[in-house]
Amino acid sequence: MSDTTATQGQLVIQIVAMPADTNANGDIFGGWLVSHMDMGAAIAARNLAKSRVVTVAIDSLAFIKRVYVGDTVCCYANLLKIGHTSMQFEIEVRTLSLQDDVSHKVAYGHFTFVAIDAEGKPQPVRR
Ligand SMILES: CC(C)(COP(=O)(O)OP(=O)(O)OC[C@H]1O[C@@H](n2cnc3c(N)ncnc32)[C@H](O)[C@@H]1OP(=O)(O)O)[C@@H](O)C(=O)NCCC(=O)NCCS
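Presented here is a report on the structure given in the accompanying data block. Once a new chain begins, its residue numbering starts again from 1 and follows that chain's sequence as written. Side-chain atom pairs in this predicted model are given and counted only at pLDDT of 80 or more, local residue features only at pLDDT of at least 70, and totals for whole chains, interfaces and linings cover all residues. Working from all heavy atoms in the structure, the side-chain values ignore hydrogens and water.

**Considering the site of the ligand**
Step number 1: Taken together, 13 residues are adjacent to the ligand, and Thr55, His84, Thr85, Ser86 and Val114 come closest.
Step number 2: In protein, a polar contact requires one atom able to donate a hydrogen and another able to accept it; more generally it is a pair of N or O atoms within 3.5 Å, and residues adjacent in sequence count only if both atoms are side-chain atoms. Here Thr55 contributes a backbone N or O atom positioned 2.9 Å from a nitrogen atom of the ligand.
Step number 3: Surface burial for the ligand is 40%, taken as the share of its 970 Å² of free accessible area covered by protein chains.
Step number 4: Numbering of helices and strands runs from the N terminus; a helix is a DSSP stretch of H or I covering at least four residues, while a strand is a stretch of E covering at least two. Put simply, the parts of the chain that give the shell around the ligand at least two residues each are β2 (52-63) and β5 (104-116).
Step number 5: Ranked by residue count, the leading element in the shell around the ligand is β2, at four residues. Nearness of a residue to a molecule or strand requires only that one of the residue's heavy atoms be within 4 Å of it. Reported accessibility uses the Shrake-Rupley method at a 1.4 Å probe radius. Residues are deemed covered only where the shown protein chains occlude them.

The structure is reproduced here in structure tokens:
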């Protein structure tokens, strides 16, 4: 049974999965999905820190359901924690197909970003 409960997170990425994004089984490649989750978390982190940011850790990554070519893939960001220079977000991925009225939770992961200055050194999130 898939999770069709609406997320409370902020929509940060919305993209249609294309044939070029598939794995050897013909379904969407997990690495493609992670790349978009990372980008979505980066957008949320940049908006929060108002500075450059880098991914320092990805934890608790889980793929719950397969993603199909033609699905609309939506990444939602939930802020979990703000540290001194770091921020942790849960990224929830939900898909919508043309045949379906409700979205399904297909993946999630915890992404930690660090706010950095022009030299790439950590700087406080809240300055
Ligand atoms: C991110 C980076 C700037 C941190 O530099 P650093 O000198 O290790 O900084 P610190 O040890 O002071 O840690 C900075 C913050 O990151 C957190 N952090 C460090 N490693 C972490 C980890 N593995 N998991 C979670 N948080 C981590 C620290 O707790 C700290 O948070 P806080 O300031 O909120 O308390 C540096 O490690 C880096 O440039 N890494 C490469 C990032 C990158 O290229 N990402 C893309 C990969 S392709």
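There's more to say after this.
**Here we look at the side chain of Asp27**
Step number 1: Looking at the secondary structure, you find Asp27 in the loop between β1 (10-16) and α1 (30-49).
Step number 2: Partly exposed residues are those whose accessible area sits between 20% and 50% of the maximum for their type, while under 20% is buried and over 50% is exposed, using a 1.4 Å probe and protein chains only. A relative accessible area of 11% means that Asp27 is categorised as buried.
Step number 3: Contacts are residue-level and defined by heavy atoms, with any inter-residue pair within 4.5 Å sufficient. Residue contacts for Asp27: discarding those within four places in its chain leaves Asp21, Thr22, Arg66, Val67 and Tyr68.

**Section: α1**
Step number 1: End to end, α1 covers 28 Å across 20 residues, agreeing with the expected 28 Å (1.5 Å per residue, within 8%).
Step number 2: Residues Trp32, Leu33, Val34, His36, Met37, Gly40, Ala41, Ala42, Ala44, Ala45 and Ala49 constitute the buried set of α1.
Step number 3: Considering only its buried residues, α1 is in contact with β1, β2, β3 (72-82), β4 (86-96) and β5.
Step number 4: Two residues or fewer past α1, Lys50 is found with a positive phi of approximately 55 degrees. The span expected for a helix works out to 1.5 Å for each residue beyond the first.

**A word on the environment of Met87**
Step number 1: On the secondary structure map, Met87 appears in strand β4.
Step number 2: Here Met87 falls in the buried class, since its relative accessible area comes to 0%.
Step number 3: Along the chain, Met87 and Phe111 lie 24 residues apart, while their C-alpha atoms are 8.2 Å from each other.
Step number 4: Ignoring sequence-local partners within four residues, the contact set of Met87 consists of Ala45, Leu48, Ala49, Val53, Lys81, Phe111, Thr112, Phe113, Val114, Ala115 and Val125.

**Focus on a nonpolar patch on the surface**
Step number 1: Patches in this entry comprise residues that are over 30% relatively accessible and not in a salt bridge; like charges within 9 Å are linked, as are nonpolar side chains (Val, Leu, Ile, Met, Phe, Trp, Tyr) within 5 Å. Salt bridge criterion: a side-chain nitrogen from Lys or Arg within 4 Å of a carboxyl oxygen from Asp or Glu. Side chains of Ile58, Leu61 and Phe63 sit close together on the surface and give an oily, nonpolar patch of about 260 Å² of accessible area.
Step number 2: Here Leu61 lies in strand β2.

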